[in-house]
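Next come the chains, spelled out residue by residue.
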Amino acid sequence: AQSVAQPEDQVNVAEGNPLTVKCTYSVSGNPYLFWYVQYPNRGLQFLLKYITGDNLVKGSYGFEAEFNKSQTSFHLKKPSALVSDSALYFCAVRDGSDKLIFGTGTRLQVFP
Amino acid sequence: EAGVAQSPRYKIIEKRQSVAFWCNPISGHATLYWYQQILGQGPKLLIQFQNNGVVDDSQLPKDRFSAERLKGVDSTLKIQPAKLEDSAVYLCASSLAGVSTDTQYFGPGTRLTVL
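Residues numbered from 1 in each chain as written. Chains lettered and ligands numbered in written order. Predicted model: local features only at pLDDT ≥ 70, side-chain atom pairs only at ≥ 80, totals over all residues. Heavy atoms only, no water.

1. Some remarks on the pairing of strand S3 (residues 19–24) of chain B
Residues and elements named next belong to chain B.
Reasoning step 1: Burial of S3 is one-sided: the residues Val19, Phe21 and Cys23 facing one way are buried, the residues Ala20, Trp22 and Asn24 facing the other way are not.
Reasoning step 2: Relative to S3, strand S1 (residues 5–7) runs antiparallel, the two being bridged by three bridges. Bridging across to S3, Ser7 finds its partner in Trp22. (Buried < 20%, exposed > 50% of the residue type's maximum accessible area, 1.4 Å probe, protein only. Helix = DSSP H or I, 4+ residues; strand = E, 2+ residues; numbered from the N terminus. Pairing = 2+ DSSP bridges.)

Laid out in structure tokens, this is it:
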């Protein structure tokens, strides 16, 4: 069965520093990987996805993610964090089935 | 382009009462999803529609939850009777065709509190 893990409940980073939010996955076939962000009292906003091709995927708001097949990881990154990036981030995975499986979320806190 | 619309945004009911949520997907999106997000967890799929047909309802508690998408556009999710453990945010999402590579776009959600 497919699954996704976000090992950190919270990540703290100072504004201007690089940030990384970790995600590892387990699927039986080719993985399709997604990152979403959730602001308070809002729905999930799509950031980026990996389907195939280049392992480095660029998305919205300056975020990018690196697909690593050998480590079964899809970590979210940003070179320079903003206070406004503070939110809840979800990694999700699909294999050949249509069901999207979400991780438990990582709260990102960016301090001024 | 208008996003996924949901109403109401908030609902408070007592246990054993009934409640209904409404969703209007992005125009032209054939696939519609309802998710349940319990506090501190990621969203969990309840039901998936392709046009007006059900594709997956394996995680829908059918003794109390029902959903329909009669004309293949907007959808209603109902809970009857509600239990305390149904307190959650109910998210609606839509995608163009429902294939594995499609992006799902989410609405703002309905926060349900069952007292």
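From this point, things continue past the structure.
2. Description of the packing of aromatic side chains
Residues and elements named next belong to chain A.
Reasoning step 1: Overall, the coordinates contain 15 aromatic pairs over all chains when judged by the stated rule.
Reasoning step 2: Each ring, one from Tyr36 and one from Phe46, has its centre 5.9 Å from the other, and the planes form 65°; the classification is edge-to-face. In this pair, Tyr36 is assigned in strand S5 (residues 32–38) and Phe46 in strand S6 (residues 44–50), connecting sequence segments ten residues apart.
Reasoning step 3: For Phe46, a relative accessible area of 21% gives the class partly exposed. (Phe/Tyr/Trp six-rings, centres within 6.5 Å; stacked < 30°, edge-to-face > 60°.)

3. Quick notes on the side chain of Asp86(B)
Residues and elements named next belong to chain B.
Reasoning step 1: Counting through the fold element by element, Asp86 comes out in the loop between strand S8 (75–79) and strand S9 (88–95).
Reasoning step 2: Taking relative accessible area as the criterion, Asp86 reaches 2% and is therefore assigned buried.
Reasoning step 3: Within the local environment of Asp86, its side chain forms a polar contact with the backbone nitrogen of Lys83, the two atoms lying 2.8 Å apart.
Reasoning step 4: Not counting chain neighbours up to four residues away, the residues in contact with Asp86 comprise Gln36, Arg64, Phe65, Ile79, Pro81, Leu112 and Val114. (Polar contact = N/O pair within 3.5 Å; in protein donor to acceptor, adjacent residues only side chain to side chain. Contact = heavy atoms within 4.5 Å.)

4. Here's the deal with the side chain of Ser86(A)
All names here are of chain A.
Reasoning step 1: Relative to the assigned elements, Ser86 resides in the loop between strand S9 (73–78) and strand S10 (87–94).
Reasoning step 2: A polar contact is formed between the side chain of Ser86 and the backbone oxygen of Val83, at a distance of 2.9 Å.
Reasoning step 3: Sequence-distant contacts of Ser86, defined by excluding residues within four places in its chain, comprise Tyr39, Leu108, Gln109 and Val110.

5. Some words on the state of the cysteines
All names here are of chain A.
Reasoning step 1: Following the criterion strictly, the structure yields two disulfides over all chains and no others.
Reasoning step 2: The partner cysteine of Cys23 in its disulfide is Cys91, sulfur to sulfur 2.0 Å. Taking the sign of the torsion about the S-S bond as the criterion, the disulfide between Cys23 and Cys91, at about -65°, is left-handed. Residue Cys23 is located in the loop between strand S3 (19–21) and strand S4 (24–26), and its partner Cys91 is located in strand S10; the two are separated by 68 residues in the primary sequence. (Disulfide = S-S within 2.5 Å.)

6. Structural notes on the nonpolar core
Reasoning step 1: Counting 28 residues, the largest nonpolar core has Trp35(A), Leu47(A), Leu48(A), Phe74(A), Leu76(A) and Tyr89(A) as its most contacted members.
Reasoning step 2: Taken together, the elements giving at least two residues each to this core come down to strand S2 (10–14), S3, S5, S6, strand S8 (64–68), S9, S10 and strand S12 (106–111) of chain A.
Reasoning step 3: For this core, the element with the highest residue contribution is S10(A), accounting for four residues.
Reasoning step 4: Setting aside residues up to four positions removed in sequence, Phe74(A) forms contacts with Cys23(A), Leu33(A), Phe34(A), Trp35(A), Leu48(A), Lys49(A), Tyr50(A), Ala65(A), Glu66(A) and Phe67(A).
Reasoning step 5: Ranked by size, the runner-up nonpolar core spans 21 residues in total, among them Ile13(B), Leu32(B), Phe65(B) and Tyr90(B). (Core = buried A, V, L, I, M, F, W, Y, C linked by side-chain atoms within 4.5 Å.)

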